[in-house]
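The chain contents come next:
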Amino acid sequence: MTMRPIRIIGDPVLRTPSEPVTSFDAELRALVQDLMDTLLGAPGRAGVAAPQIGVNAQVFVYDADGHRGHLINPTLQLSEESQDDDEGCLSIPGLYFPTRRALHATAHGVDQHGQPLTISGTGFLARALQHETDHLHGRLYVDTLRGDARRRALREIRAGRFHSPGRQG
């Protein structure tokens, strides 16, 4: 089991759009396994994207609402209906803010062998799919916040008031 350190806000890799995966080889399968080990290696984690462990690749793993897996090179289809709930991020540990997301999401991509894969979910799974896909585009959930929630989040981040347990997330 290889649990990789989680990169914390301020690390440039979190703001860099990830490169699409083009080689479906042993190196990619090892990355998917490391991501899954990192996800399952600590309680309460719903997803981990490759940039969060310092890898510039469009890959993420998830474990939400009884669904667990990985997705490579995802694209999203989102519902018009939205949901508001508190959201947090391993890369900004300990901070949670009400975040608007689509209520339903369908993610299209491929698996680690290059085979087409589609994941659809509502509620928490939809939120996780959107959150992890954002990571692959260099976005963090705090970028979606508006108004008072955004001001509070930015103030907390600037002040370094998030819980940073080393680099493990």
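Residues numbered from 1 in each chain as written. Predicted model: local features only at pLDDT ≥ 70, side-chain atom pairs only at ≥ 80, totals over all residues. Heavy atoms only, no water.

- The protein is annotated in an unreviewed UniProt entry as Peptide deformylase from Micromonospora auratinigra.
- Looking at the protein in UniProt, the text filed under Catalytic activity (unreviewed entry) is "N-terminal N-formyl-L-methionyl-[peptide] + H2O = N-terminal L-methionyl-[peptide] + formate".
- Its UniProt record, at the heading Sequence similarities (unreviewed entry), says of the protein: "Belongs to the polypeptide deformylase family." (UniProt positions renumbered as here; feature names shortened; annotations may be inferred.)

### Some words on the sheet that holds strand β3 (residues 67–78)
Here comes step 1: The sheet built from five strands is open, its strands ordered β1-β2-β3-β6-β7 with antiparallel pairing. Looking at strand neighbours, the two that pair on one side only are β1 (47–49) and β7 (116–122), the edges of this open sheet. With strand direction ignored, the average angle separating the axes of adjacent strands in the sheet is 40°.
Here comes step 2: Taken together, the seven bridges between strand β6 (residues 104–110) and β7 define a ladder with antiparallel strand orientation. Each residue of the ladder has a partner; that of H108, found in β7, is T118.
Here comes step 3: Helix-sheet contacts for helix α1 (residues 26–40) involve β1, β2 (59–64) and β3, and the interaxial angle to β2 is about 35°.
Here comes step 4: Taken strand by strand, helix α2 (residues 124–136) contacts β1, β2, β3, β6 and β7, and its axis lies near 160° from that of β2. (Pairing = 2+ DSSP bridges. Helix = DSSP H or I, 4+ residues; strand = E, 2+ residues; numbered from the N terminus. Axes fitted to C-alpha atoms, helices over the stretch in contact; angles between N-to-C directions. Contact = heavy atoms within 4.5 Å.)

### Side note on the pattern of salt bridges
Here comes step 1: Going through the model one piece at a time under the given rule, you end up with ten salt bridges.
Here comes step 2: Here D143 makes a salt bridge to R15, at a shortest N to O gap of 2.4 Å. Remark: R15 occurs in the segment before α1 and D143 occurs in the loop between α2 and α3 (147–158); sequence separation between them is 128 residues.
Here comes step 3: Judged by its relative accessible area of 41%, R15 falls in the partly exposed class. (Salt bridge = Lys/Arg side-chain N within 4 Å of Asp/Glu carboxyl O. Buried < 20%, exposed > 50% of the residue type's maximum accessible area, 1.4 Å probe, protein only.)

### Details of the layout of surface pockets
Here comes step 1: Each pocket or cavity is described by its volume, and for the second largest pocket that value is around 180 Å³.
Here comes step 2: As for the second largest pocket, its lining consists of E19, P20, V21, S23, D25, E27, L28, L31, V55, N56 and A57.
Here comes step 3: In terms of residue class, the lining of the second largest pocket is made up of six nonpolar, two polar and three charged. (1 Å grid on protein atoms, 1.4 Å probe; cavity = no way out; pocket = protein on both sides within 12 Å on 5 of 7 lines; lining within 4 Å. Points joined across faces, edges and corners; volume = space filled by probe spheres on them. Nonpolar A, V, L, I, M, F, W, Y, C, P; charged D, E, K, R; others polar.)

### What to know about the side chain of T133
Here comes step 1: Examined against the element boundaries, T133 turns out to sit in helix α2.
Here comes step 2: We classify T133 as buried; its relative accessible area is 4%.
Here comes step 3: Separated by 2.8 Å, the side chain of T133 and the backbone oxygen of L129 make a polar contact.
Here comes step 4: For T133, the contacting residues outside a window of four places in its chain are F60, P74 and L76. (Polar contact = N/O pair within 3.5 Å; in protein donor to acceptor, adjacent residues only side chain to side chain.)

### Points about α2
Here comes step 1: In this model α2 runs 19 Å from its N-terminal to its C-terminal C-alpha over 13 residues, within 8% of the 18 Å that 1.5 Å per residue would give.
Here comes step 2: With twelve of 13 residues buried, α2 lies mostly within the body of the structure.
Here comes step 3: Those residues of α2 that sit buried are L125, A126, R127, A128, L129, Q130, H131, E132, T133, D134, H135 and L136.
Here comes step 4: Backbone geometry just downstream of α2 places G138 in the positive-phi region, at approximately 80°. (Expected span 1.5 Å × (residues − 1).)

### Notes on unusual backbone geometry
Here comes step 1: Of note in this structure, D65 is not a glycine but carries a positive phi near 50°.
Here comes step 2: Position of D65 relative to the elements: it lies in the loop between β2 and β3.
Here comes step 3: For N73, which is not glycine, the phi torsion reads 55° and is therefore positive.
Here comes step 4: Structurally, N73 can be placed in strand β3.

### Side note on the UniProt feature "active site" (unreviewed entry) in the protein
Here comes step 1: Using the residue numbers shown here, the UniProt feature "active site" (unreviewed entry) corresponds to E132.
Here comes step 2: In this fold, E132 is placed in helix α2.

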